[in-house]
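# Structural description and commentary
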Amino acid sequence: RDIDVNIKEMPVIKEKVENEIFVKCFKSLVYCMNLARVEEKLIGESPEDRYTFFCENEDAIIGGMEKIFPEMKNQISEEIRGKICYLIKVVDDFVNNYKEISKKFLLENEQIKNINVGGDWHNDKSVIIFEFTKGSKIVFKPTHGRNIEFLKGLSSIFFGREYSSLYDSLTTPEGTW
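This one's a predicted model, so the numbers in the text were calculated from it and none came from an experiment. (Residues numbered from 1 in each chain as written. Predicted model: local features only at pLDDT ≥ 70, side-chain atom pairs only at ≥ 80, totals over all residues. Heavy atoms only, no water.)

### Re the side chain of glutamate 20
This is how the line gets drawn: Numbered from the N terminus, helices here are DSSP runs of H or I no shorter than four residues, and strands are runs of E no shorter than two. Think of it in three bands: residues with accessible area under 20% of the maximum for their type are buried, residues over 50% are exposed, and the middle band is partly exposed, with areas taken using a 1.4 Å probe on protein chains only. Side-chain atoms alone can form a polar contact between residues adjacent in sequence; in general such a contact is a pair of N or O atoms within 3.5 Å, and within protein one must be able to donate a hydrogen while the other accepts it. We call two residues in contact when some of their heavy atoms are within 4.5 Å.
Position of glutamate 20 among the secondary structure elements: in helix H1 (residues 11–38). Judged by its relative accessible area of 19%, glutamate 20 falls in the buried class. A polar contact of 2.6 Å, which involves the side chain of glutamate 20, links it to the side chain of lysine 83. Every residue in contact with glutamate 20, bar those within four places of it in the chain, is listed here: Glu79, Ile80, Lys83 and Trp121.

Right under this line is the structure:
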């Protein structure tokens, strides 16, 4: 699906996307910069000047990446697109179910302060942790409520109902809060 959102208006997601791109590309960028250095394509009197030239020369960066790693741009674009769409779905799910979520987790007029990925990505999905202005945190898991209910039932058998209440949750079509 096309991303129909101005990501600059969502600074928390924008920051996550920029970081993800950096992590994915860092080693390849270092390789491209070293190759440009060996081929004497960097301009500057000192290593710092040449580094600055490389970083400020978008054509060198993008062109070098496309020349050396022709499929990388498309692969990263598709991967990032999937992650952004997922994050937007989760944020939409939060907004659409805010009344129930805030009641269930005692969020009183709190604003989202940060959104973090709570583990590895699997097929464009991951655990998402919402942090709020008053210090509260809630976790979104891309799983069906059946899994949580099974865990609650099993834990209540072995550890009692008090322990199983730790797994109290709210299930929506997108996942479990």
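### Structural notes on the pattern of salt bridges
Note the threshold: Take a side-chain nitrogen of Lys or Arg and a carboxyl oxygen of Asp or Glu: if they are within 4 Å of each other, that pair is a salt bridge.
Summed over all chains, the structure comprises five salt bridges. With a closest N to O distance of 3.7 Å, glutamate 78 and arginine 81 form a salt bridge. One end of the pair, glutamate 78, and the other, arginine 81, are both in helix H4 (residues 72–96), three residues apart, so they sit about a helical turn from each other. Beyond isolated ion pairs, a larger network of salt bridges with shared partners links Glu20, Lys24, Glu79 and Lys83.

### Looking at the environment of glutamate 110
Relative to the assigned elements, glutamate 110 resides in the loop between helix H5 (98–104) and strand S1 (112–117). What makes glutamate 110 buried here is its relative accessible area of 6%. Spatially, the C-alpha atom of glutamate 110 lies 45 Å from that of glycine 63, the residues being 47 residues apart in sequence. Setting aside chain neighbours within four positions, we find glutamate 110 in contact with Tyr98, Phe132, Thr133, Lys134, Gly135 and Ser136. Here the side chain of glutamate 110 touches lysine 134 through a polar contact of 3.1 Å, landing on its backbone nitrogen.

### As for the state of the cysteines
Just so we agree on the cut-off: Note on terminology: disulfide denotes any pair of cysteine sulfur atoms within 2.5 Å.
Applying the stated criterion to the full structure yields zero disulfides. This cysteine, cysteine 55, is not joined by any disulfide, and cysteine 32 carries the nearest cysteine sulfur, 12 Å off.

### A short note on the environment of asparagine 123
Mapping asparagine 123 onto the fold places it in the loop between S1 and strand S2 (128–132). Measuring from C-alpha to C-alpha, the distance between asparagine 123 and phenylalanine 53 comes to 37 Å, with 70 residues separating the pair along the chain.

### Details of the nonpolar core
Side chains of a nonpolar character, in soluble globular proteins, are inclined to be buried together. Cut-off, in case you're wondering: Nonpolar cores were defined as sets of buried Ala, Val, Leu, Ile, Met, Phe, Trp, Tyr and Cys residues, with membership established by side-chain atoms within 4.5 Å.
In terms of nonpolar packing, the biggest core is built from 30 residues, with Val90, Phe94, Ile101, Ile128, Phe130, Ile138 and Trp177 touching the most fellow members. Taken together, the elements giving at least two residues each to this core come down to H1, helix H3 (58–68), H4, S2 and strand S3 (137–140). By residue number, the principal contributor to this core is H4, which donates ten residues.

### What to know about the pairing of S3
In plain terms, the rule: Here, any two strands with at least 2 DSSP bridges between them count as paired.
The alternating pattern of S3 places Ile138 and Phe140 on a buried face and Lys137 and Val139 on a face that is not buried. Looking at chain direction, S2 and S3 are connected through four bridges and run antiparallel. Looking across to S3, one finds that isoleucine 128 is bridged to phenylalanine 140. What sits between the antiparallel neighbours S2 and S3 is a turn of four residues, in which glycine 135 has the positive phi angle 95°.

### Topic: the packing of H1 against H3
Under the convention used in this document: For helices, the fitted axis covers only the stretch in contact; all axes are lines through C-alpha atoms, and the angles between them, taken along N-to-C directions, range from 0 to 180 degrees. Orientation labels follow simple angle bins: below 35 degrees gives roughly parallel, above 145 gives roughly antiparallel, 65 to 115 gives roughly perpendicular, and whatever is left gives oblique. The nonpolar class holds Ala, Val, Leu, Ile, Met, Phe, Trp, Tyr, Cys and Pro. Asp, Glu, Lys and Arg form the charged class, and all remaining residues, Gly among them, are polar.
Contact geometry of H1 with H3 gives a least axis separation of 10 Å together with a crossing angle of 100°. When the interaxial angle is binned, H1 and H3 end up roughly perpendicular. Of the residues in H3, those in contact with Cys25, Ser28, Leu29, Tyr31, Cys32 and Leu35 of H1 are Ile61, Gly64, Met65 and Ile68. Partitioned by chemical class, the residues of the contact of H1 with H3 number eight nonpolar, two polar and no charged.

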